[in-house]
Structures are given as structure tokens and as C-alpha cells.
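Coordinate analysis (summary)
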Amino acid sequence: MKKISLKVATCLLAGCFLLSSCYVGKFALFNSYAKWQTNMTSNKFVNAIVGFIIGPIVGGVCMLADVVVLNSIEFWSGSNPVAANNIGKTQQVMGKDGRYYAVTTLKNGYEVKSPTGEITNFIHNDANDSWSVEQDGVVKELFRFNADGSIQANINGEQKDFTLNEAGVYNARMAANNDVFFAMN
């Protein structure tokens, strides 16, 4: 049996500490590639064949770039350079009412333009980790994340704290509907 050299043991130990199930980041480059690969043509069989051919090479390079470079940048700076490319892009999203809304990604949130031309902005405030809605020049805070992992929501003009679990969602829904809950199907 060969002896394991000190260099190899050091590299393995360093790898264990550096890669011990602690990965952060959006993997934006790999996810962009995967989305493109599955939607490059309207034929799913062609997409699969091309995916088998280029997937191991391109997917591997994208994953390596995400893990080593892009997610590290995101961890230290708070923003992913690839994800930032979505700023200014507009998508058409169908609402529950069956109409299409234009959703534009902003640097700090989203602009939603209704089919009638009304514009609503959803804005994230990094300073207090909150989301607000702006409509016709009036800004109202919707909710903010608390340090303990709960949220503080503005419901019917009152600030209330809720946990981020099923019970918290139920309590928020009950508070928003004045303790009246309607079943819908």
C-alpha cells in the first residue's frame, strides 16, 4: 500500500473544509444554460439529443464557473454578476384574471404594468430588508424580515409579526381577512 503524501492529505482536508455542504448562490450561469438547453427548440427530442452531446462539457464548465467564481462573488458582494443581467428585462405574465401584465426587473425590485396602463412598483429596501409597494407616488411597506427569521407585515394598517411556516401563513391570512376564512376551489 502506497503512502499518501502530505500534499495530497492537505488538499483533501482543505477540500473537506471548503466544500462541506456549504454552498451559497443562485448558480445563475448554470441555470441560464439549463433553461436555454431545454427551450432551444420546440422539439423536446432535439433538445434532449443536443443536451446529451453538449451537456457534459458546457454544463460542467458553467457549473465550475458558478461554484468557483460567480457564487464566490455573490457571497462576498451580495449580487451575482450573471443574475444582474436581468435588470431592465420585461416579461409578460398572465394574472389570475387571465390578462397579461408586463413585469420589468429593476435593480431594487419590479415594475408591474397592467393591461390598462397602471404602473405598480414593488421595491426592496436593503437597509431594513423590507418590501414596499409604490402606486401613484404613494409608498406603503408590505413587510420586512426580522432578525429572528420572522416577518413583520403591514396588515389592515397594523404591524404584526408572523413566523415563516404554515401557521404563520394561516395567521397572516386570518388577520388580512379579519379572522374570516373562505374556502375556494
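Residues numbered from 1 in each chain as written. Predicted model: local features only at pLDDT ≥ 70, side-chain atom pairs only at ≥ 80, totals over all residues. Heavy atoms only, no water.

Glycine aside, negative phi is the norm for most residues, and most peptide bonds take the trans geometry. One non-glycine residue, Asp-129, lies in positive phi territory at about 50°. With respect to the helices and strands, Asp-129 occurs in the loop between strand S4 (119-125) and strand S5 (130-135). Notably, Asp-136 is not glycine yet its phi reads approximately 55°, a positive angle. (Helix = DSSP H or I, 4+ residues; strand = E, 2+ residues; numbered from the N terminus.)

The next thing to look at is helix H4 (residues 166-176). Of the positions making up H4, those classed as buried are Gly-168, Met-174 and Ala-175. For H4, the angular spread of the buried residues around the axis is 125°, confining them to a single face. Between the side-chain oxygen of the N-cap and the backbone nitrogen of Ala-167 there are 3.2 Å, and the N-cap of H4 in question is Asn-165. The first or second residue beyond H4 is Asn-178, which carries a positive phi of 55°. (Buried < 20%, exposed > 50% of the residue type's maximum accessible area, 1.4 Å probe, protein only. Arc of directions from axis to C-beta. Polar contact = N/O pair within 3.5 Å; in protein donor to acceptor, adjacent residues only side chain to side chain.)

Now for the sheet that holds strand S3 (residues 109-113). If you trace the eight strands from one edge of the open sheet to the other, you get S1-S2-S3-S4-S5-S6-S7-S8, paired in antiparallel fashion. Looking along the sheet, the strands with just one partner apiece sit at the ends: strand S1 (90-94) and strand S8 (158-162). Put simply, the sheet's adjacent strands are angled 25° from each other on average, direction ignored. Its contacts with the sheet place H4 against strand S7 (151-155) and S8, and it is angled at close to 160° to S8. (Pairing = 2+ DSSP bridges. Axes fitted to C-alpha atoms, helices over the stretch in contact; angles between N-to-C directions. Contact = heavy atoms within 4.5 Å.)

According to the stated counting rule, one finds two salt bridges in the structure shown. For Arg-99, the salt bridge goes to Asp-97, with nearest N and O atoms at 3.0 Å. Accessibility expressed as a relative area gives 38% for Arg-99, which makes it partly exposed. Among the ionic pairs, Arg-144 bridges to Glu-141, the shortest N-O distance being 2.6 Å. (Salt bridge = Lys/Arg side-chain N within 4 Å of Asp/Glu carboxyl O.)

Moving on, we come to the nonpolar core. With five residues, the main nonpolar core is built from Ile-151, Ala-153, Ile-155, Phe-162 and Ala-175. Once you skip the residues sitting within four places of it in the chain, Ala-153 turns out to touch Leu-142, Phe-143, Glu-158, Gln-159, Lys-160 and Phe-162. (Core = buried A, V, L, I, M, F, W, Y, C linked by side-chain atoms within 4.5 Å.)

Let us look at the side chain of Thr-120. Summarising the element assignment, Thr-120 is placed in strand S4. Thr-120 sits in the buried class, given a relative accessible area of 13%. Here Gln-135 takes part through its side chain, which lies 2.9 Å from a polar atom of the side chain of Thr-120. For Thr-120, the contacting residues outside a window of four places in its chain are Tyr-110, Glu-111, Val-112, Val-133, Glu-134 and Gln-135.

Another aspect to go through is helix H2 (residues 28-39). One turn of the α-helix equals 3.6 residues, which is why residues spaced by three or four share an orientation. Taking 1.5 Å as the rise per residue, H2 with 12 residues should run 16 Å; its terminal C-alpha atoms sit 16 Å apart, in good agreement. Taken as a whole, H2 has its buried residues at Ala-28, Tyr-33 and Gln-37. All buried residues of H2 fall inside an arc of 165° around its axis, so they share one side. Opposite the buried face of H2, at more than 90 degrees from it, the exposed residues are Lys-35 and Asn-39. (Expected span 1.5 Å × (residues − 1).)

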